[in-house]
Amino acid sequence: MTASNRQSWQDQLRRRVKDVQTLRTSLDMPPDIADDILESTLQFRFAITPHWMELIRHSRAAYQQVVPSGNELLPSPTDMDDPLGEERDSVLPNLVHRYPDRVLLLATDHCAAYCRYCTRKRVVGSGQVPFSRTKLQAAFDYIAAHPEIRDVLVSGGDPLILNDAQIGWILDSLRAIPHIEFLRMGTRVPLFMPDRITEELLAIFRRNHPFFLSVHFNHPDELTPETRQALNRIADAGVPMGSQTVLLRGINDDPAVMKSLMHELLKCRVRPYYIYQCDLVEGAEHFRTDIATGMRIIEALRGHTTGYAVPTFVVDLPGGGGKVPVAPDYVLSRSGHTWRFRNFEGREYEYQEPAREAEAPFEISPSERTAILAQLTERAIGQGIWG
């Protein structure tokens, strides 16, 4: 890409809408709505890139995700400051070690734009987890001292708002640790700021393979021509992509909308990975559906479209319990070694397990083995396979 293109993503960052007056003027909002938004911004920062501003003019789904709302101020008894218990599992201020073989590394607390349902509302945009080589080096030292860690997810905030030198240093440092097998990065930048996906950035990805990108899509409207081009550039660089979608009331809690999103993602070479039940974060009650809604969506996908288009529906358990899959119940009954299932059409089928117990493996004597081999050899010669 040219130097002018390299600057375009930085220009997008500089020209973000970050105050209510500019937002009101840009979208021609009534004063009462603007006042409602202003009060919400006192609790959670907002910023919207020019690319996304263009999208929200004609997409309600895009608007609802980033524009503050008075609903964020309505208290709920289920609200939690740290719904996933990340602070409990933080071994360092920017490093979460919950699962045995992988860690979450927070590279920055800033994003290109701020989602209103963000699970890290308590820190995102706050300056509490700034990019710091000193603090990141301490995280690298911890990872290097724990050989059981084989997988690192770099997230934030959004790490792709950092410059190429910073991103390159992070990934190169992690790749230099001998026991690290996989590097992953979580981002919404291809949606909010697709010009950020430059050839220089892709070169950093290539030299750190196997490298995976987790992108976060919630609605088909987000797949603009510019974002599709960015995703194609990433895929052409050999970077596998998986999408993480949050189930959001009034945005994607419709099986037809979700199926369309999954199909469009696959066309961009993004594998649907997770659908998340919306976390119990403060100010997001109006986004949350019941869990049964997610199960109905999976049921509308499983068997009704290609398996690649069916993600796993998970609940990230409050308090740091981790992700657990939730699926429609296709098992009707079990009696001994007989299982009874229903399929995607509602038809019932039986499956018979082997009667032999798993802990009693099949064994034959040497003489039985010799006799069986003799029979097989005679049969092969008779069929002209041998001889």
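As a starting point, this report considers the structure included with it.

Reading the values: rules and limits
Residues numbered from 1 in each chain as written. Predicted model: local features only at pLDDT ≥ 70, side-chain atom pairs only at ≥ 80, totals over all residues. Heavy atoms only, no water. Helix = DSSP H or I, 4+ residues; strand = E, 2+ residues; numbered from the N terminus. Buried < 20%, exposed > 50% of the residue type's maximum accessible area, 1.4 Å probe, protein only. Patch = residues over 30% accessible without salt bridge, like charges linked within 9 Å, V, L, I, M, F, W, Y side chains within 5 Å. Areas by Shrake-Rupley, 256 points an atom, 1.4 Å probe, with all protein chains shown as cover. Salt bridge = Lys/Arg side-chain N within 4 Å of Asp/Glu carboxyl O. Axes fitted to C-alpha atoms, helices over the stretch in contact; angles between N-to-C directions. Left-handed = near helix turned anticlockwise from the far one by under 90°. Contact = heavy atoms within 4.5 Å. Nonpolar A, V, L, I, M, F, W, Y, C, P; charged D, E, K, R; others polar. Phe/Tyr/Trp six-rings, centres within 6.5 Å; stacked < 30°, edge-to-face > 60°. Pairing = 2+ DSSP bridges. Right-handed = clockwise from strand over helix to strand, strands pointing away.

**Points about unusual backbone geometry**
At step 1: The peptide bond linking His209 to Pro210 adopts the cis configuration, its omega dihedral lying at 0 degrees.
At step 2: Here the phi dihedral of Asp28 falls at roughly 55 degrees; this positive angle occurs in a residue that is not glycine.
At step 3: Tracing the backbone through its elements, the reader meets Asp28 in the loop between helix H2 (20-27) and helix H3 (31-41).
At step 4: By relative accessible area, which is 67% here, Asp28 ends up exposed.
At step 5: The backbone of Arg269 shows a phi angle near 65 degrees, a positive value even though the residue is not glycine.
At step 6: Within the fold, Arg269 resides in the loop between helix H11 (255-267) and strand S8 (270-277).

**Here we look at a nonpolar patch on the surface**
At step 1: Together, Ile372, Leu373 and Leu376 give the surface a local cluster of nonpolar side chains, amounting to about 270 Å² of exposed area.
At step 2: Tracing the sequence through the fold places Ile372 in helix H13 (residues 366-382).
At step 3: Since its relative accessible area comes to 40%, Ile372 is described here as partly exposed.

**A look at the packing of H2 against H3**
At step 1: Between H2 and H3, the least distance of the axes is 10 Å, while the angle of their chain directions is 145 degrees. You can see that H2 and H3 cross each other, and the crossing is right-handed. Residues Val20, Leu23 and Arg24 of H2 form the contact with H3, whose own contacting residues are Pro31, Ala34, Ile37, Leu38 and Thr41.
At step 2: Its residues placed into classes, the contact of H2 with H3 shows six nonpolar, one polar and one charged.

**Examining the packing of aromatic side chains**
At step 1: Per the stated rule, a full pass over the model turns up 10 aromatic pairs.
At step 2: With 5.7 Å between their ring centres and 80 degrees between their planes, Tyr117 and Phe287 make a pair best called edge-to-face. Placement of Tyr117 in the loop between strand S3 (102-106) and helix H6 (133-144) and of Phe287 in the loop between S8 and helix H12 (291-301) is noted, with a sequence separation of 170 residues between them. For the pair Tyr117 and Phe287, a shared accessibility class is recorded, and that class is buried.

**Some remarks on the pairing of strand S5 (residues 182-187)**
At step 1: Counting buried residues in S5 gives five out of six residues, a clear majority hidden from the surface.
At step 2: In terms of strand pairing, strand S4 (residues 151-155) meets S5 through four bridges, oriented parallel. If you follow Asp151 over to S5, its bridge partner there is Phe182.
At step 3: As for the winding sense of the linkage, the β-α-β connection from S4 through helix H7 (residues 164-175) to S5 is right-handed.
At step 4: Where S5 meets strand S6 (residues 211-215), five bridges bridge the pair, whose relative direction is parallel. Note that in S6 the partner of Thr187 across the bridge is Val215.

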